[in-house]
Amino acid sequence: MKLNFSGLESSAPLYGGSNELLCDGFSAAPSFDLPVTSDFDGFQKNSIQMVKPAKGTTTLAFIFKEGVMVAADSRASMGGYISSQSVKKIIEINPYMLGTMAGGAADCQFWHRNLGIKCRLHELANKRRISVTGASKLLANILYSYRGMGLSVGTMIAGWDEKGPGLYYVDSEGGRLKGTKFSVGSGSPYAYGVLDSGYKYDLTVDEAAELARRAIYHATFRDGASGGVASVYHVGPNGWTKLSGDDVGELHYSYYPVEPAVVEQEMTEAVAA
Amino acid sequence: MTKEHANWSPYDNNGGTCVAIAGADYCVIAADTRMSTGYSILTRDYSKISKLADKSFMASSGFQADVKALQKVLSSRHLIYQHQHNKQMSCPAMAQLLSNTLYYKRFFPYYAFNVLGGLDSEGKGCVFTYDAVGSYERVGYSAQGSGATLITPFLDNQLKSPSPLLLPAKDAVTPLSEAEAVDLVKTCFSSATERDIYTGDSVEIIILNANGVRRETEQLRKD
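For every chain, the first residue of the written sequence is number 1, and numbering continues from 1 onward in sequence order. Think of it this way: whatever chain is written first is A, whatever ligand is written first is 1, and the rest follow in order. Side-chain atom pairs in this predicted model are given and counted only at pLDDT of 80 or more, local residue features only at pLDDT of at least 70, and totals for whole chains, interfaces and linings cover all residues. The side-chain numbers reported here are obtained from all heavy atoms of the structure, hydrogens and water having been left aside.

## A closer look at the overall build of chain A
The condition that has to hold: In this text, helices come from DSSP runs of H or I with a minimum length of four residues, and strands from runs of E with a minimum of two, each type numbered from the N-terminal end. Note on exposure labels: buried denotes an accessible area under 20% of the residue type's maximum, exposed denotes more than 50%, and partly exposed covers the range between, all computed with a 1.4 Å probe on protein chains only. We call two residues contacting when some pair of their heavy atoms lies within 4.5 Å. Here the Shrake-Rupley method, with its probe set to 1.4 Å, supplies the accessible areas, and only the displayed protein chains count as covering residues.
Scanning chain A from terminus to terminus reveals 6 helices and 12 strands. Taking all 273 residues of chain A together, 51% fall into the buried category. Once local pairs closer than 6 in sequence are excluded, the contacts in chain A between residues at least 24 apart make up 62%. A total of about 13,700 Å² of accessible surface is found on chain A, and carbon and sulfur atoms cover 54% of it.

Structure representation (structure tokens):
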């Protein structure tokens, strides 16, 4: 079965042997081992069950006057078990572009890192930064070539290029959508509710950050598969900055502080007999 | 119309549990030494820990044949690195190499659940935790394997390191001393042995610090 490996090739010439072990991982033409089985789909389904990682999640991104706001939770769940509360779901592709992670953690991490490499190669080859449109298309084309093989990626590429702020949604089905507001993951309906009701194009950076944080918080409150730390990033003309990382448990009490209860009758300590 | 299912699976689960804890200037990596298949014990003293570099040790549970193959691939890649760069690989570099190695078998994965422990270039303890296809993150402590669901809540209670995602950042390494951490690991394994049939026999503990490497063994219940 011939797979499209252009996503992994580099233009550097091979030296040394053609043995993959003698070259560094990216110079060699990689080969993905495929098991010799009559039922590849069934095998894939079982393998996927075995490695089924971060599915439940809440990530969101939106464009506003001052740039792009990107936010995500940090919980990874395997079925009902929380496998991690500190997963980095906002991936720093390069200093002016961010990607969000939803779906398979390894798939998102690997392909975003690969995208970062290709963006850098583009810069070196063309003496200018790659556009968000170009970067998202690179990723979308790679994912399309692996369509049907079980990759699970639901990502948003957010960045600032010559045309201003850019935001694309790319997924492992091969879809790629340009937009101004997206939320991906099991908590996305809740995040959309908060985001849609509070969104205005003319928000300031602080207001937009608070909107994003609030949207993630509310999604983690209602969605069992989302939780951990709500991270908020801003992408401006000079690149991205991380604005905040707050534990959502603590956010709850800062939004809804507990009033001390009015004591009606106070009990005194019983005298020890 | 029922689909015919394969009678043979290339994978087996040999059980076992691995734990690693990162300290301010040390790292503890531990794994039990029981290797099982189904309800049988294949051997009571099998080491699941392998030294990848001077400052990187990997403990892996899952399918030990895949683990052995993975260890061999990583050792040989490390040897090549040493030939090319005239130095040992740092722990964070090894961590990314392991991630890429795992992902290259994305469609026929290594059935290995790994924990990488070592010292970073500043001498601080670092622990990296993985899933079977290579997604990884640096954490303050981690448990993998059949006893992981029993040990992790206990470590959360005792160590609860602040998330590395918090801003302003808080250090993830535990404030425990080296001796306390080793004692904690022994406690984890004796508890896991009580309730997990695949964990037991003995636990092999590797302690890595500025002075070098130390190895300890502690006997566990053999039933």
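## Some words on a nonpolar patch on the surface
Operational definition: For patch detection, residues must exceed 30% relative accessible area and be free of salt bridges, and they are connected within 9 Å for like charges or within 5 Å for nonpolar side chains (Val, Leu, Ile, Met, Phe, Trp, Tyr). Salt bridges are defined as contacts in which a side-chain nitrogen from Lys or Arg sits within 4 Å of a carboxyl oxygen from Asp or Glu.
Side chains of Ile117, Leu121 and Leu124 of chain A sit close together on the surface and give an oily, nonpolar patch of about 250 Å² of accessible area. Residue Leu121 of chain A is classed as partly exposed on the basis of its relative accessible area of 37%.

## Observations concerning the packing of aromatic side chains
How we decide: In this analysis, rings of Phe, Tyr and Trp, with Trp reduced to its six-membered ring, are considered paired at centre separations within 6.5 Å, and the interplanar angle assigns stacked below 30 degrees, edge-to-face beyond 60, and tilted for intermediate values. Any Lys NZ or Arg CZ found within 6 Å of a ring centre and within 35 degrees of that ring's normal is scored as a charge over the ring.
One pass over the full model with this rule turns up 19 aromatic pairs over all chains. Considering the side-chain rings of Phe110 of chain A and Tyr104 of chain B, the 6.1 Å spacing of their centres and the 75 degrees angle between planes classify their relative orientation as edge-to-face. Highlighted residues: Phe110 of chain A in helix α2 (residues 105-126) and Tyr104 of chain B in the loop between α2 (91-103) and β7 (112-119), drawn from two different chains. You can call Phe110 of chain A buried: its relative accessible area is 3%. Through pairs of rings, three or more aromatic residues link up here, namely Phe110, Trp111 and Tyr146 of chain A together with Tyr103, Tyr104 and Phe107 of chain B. The lysine or arginine in question, Arg214 of chain A, covers the ring of Tyr255 of chain A, its NZ or CZ lying 3.8 Å from the ring centre. The ring of Phe108 of chain B has Lys105 of chain B sitting right over it, with the charged end atom 4.4 Å from the ring centre.

## Section: the environment of Gly145 of chain B
Tracing the chain through its elements places Gly145 of chain B in strand β10 (residues 141-145). Residues Gly145 of chain B and Asn114 of chain B lie 31 residues apart in sequence; the distance between their C-alpha atoms is 8.5 Å.

## Observations regarding the environment of Asn94 of chain A
Residue and element names in this part refer to chain A. Along the chain, the position of Asn94 falls in strand β5 (residues 90-94). The buried category is assigned to Asn94, whose relative accessible area is 12%. For the pair formed by Asn94 and Ile117, sequence separation is 23 residues and the distance between their alpha carbons is 9.0 Å. Apart from residues lying up to four places away in sequence, Asn94 is in contact with Cys119 and Trp240.

## With respect to helix α3 (residues 132-145) of chain A
Residues and elements named next belong to chain A. Spelled out, the test is: By this rule, a helix spans an expected 1.5 Å times one less than how many residues it contains. This arc is built from the directions going out from the helix axis to the C-beta atoms.
For α3, which comprises 14 residues, the first-to-last C-alpha distance of 20 Å matches the rise-based estimate of 20 Å (1.5 Å per residue) to within 8%. Among the residues of α3, Val132, Ala135, Ser136, Leu139, Ala140, Ile142 and Leu143 are the ones counted as buried. Buried residues of α3, viewed axially, fall in a sector of 160 degrees; they line one side. Looking at the buried side of α3, the elements it contacts are β6 (97-100), α2, β7 (154-161), β8 (164-171) and β9 (176-178).

## Topic: the UniProt feature "active site" (unreviewed entry) in chain A
All names here are of chain A. Note the following rule: UniProt positions are given in the numbering used here, feature names are shortened, and annotations may be inferred rather than shown by experiment.
When the UniProt feature table is mapped onto this chain, "active site" (unreviewed entry) is found at Thr57. Inspection of the secondary structure puts Thr57 in the loop between α1 (40-51) and β1 (59-64). With near-sequence residues (within four places) excluded, Thr57 lies in contact with Asp73, Lys89, Met101, Ala102, Val184, Gly185, Ser186, Gly187, Asp223, Ala225 and Ser226.

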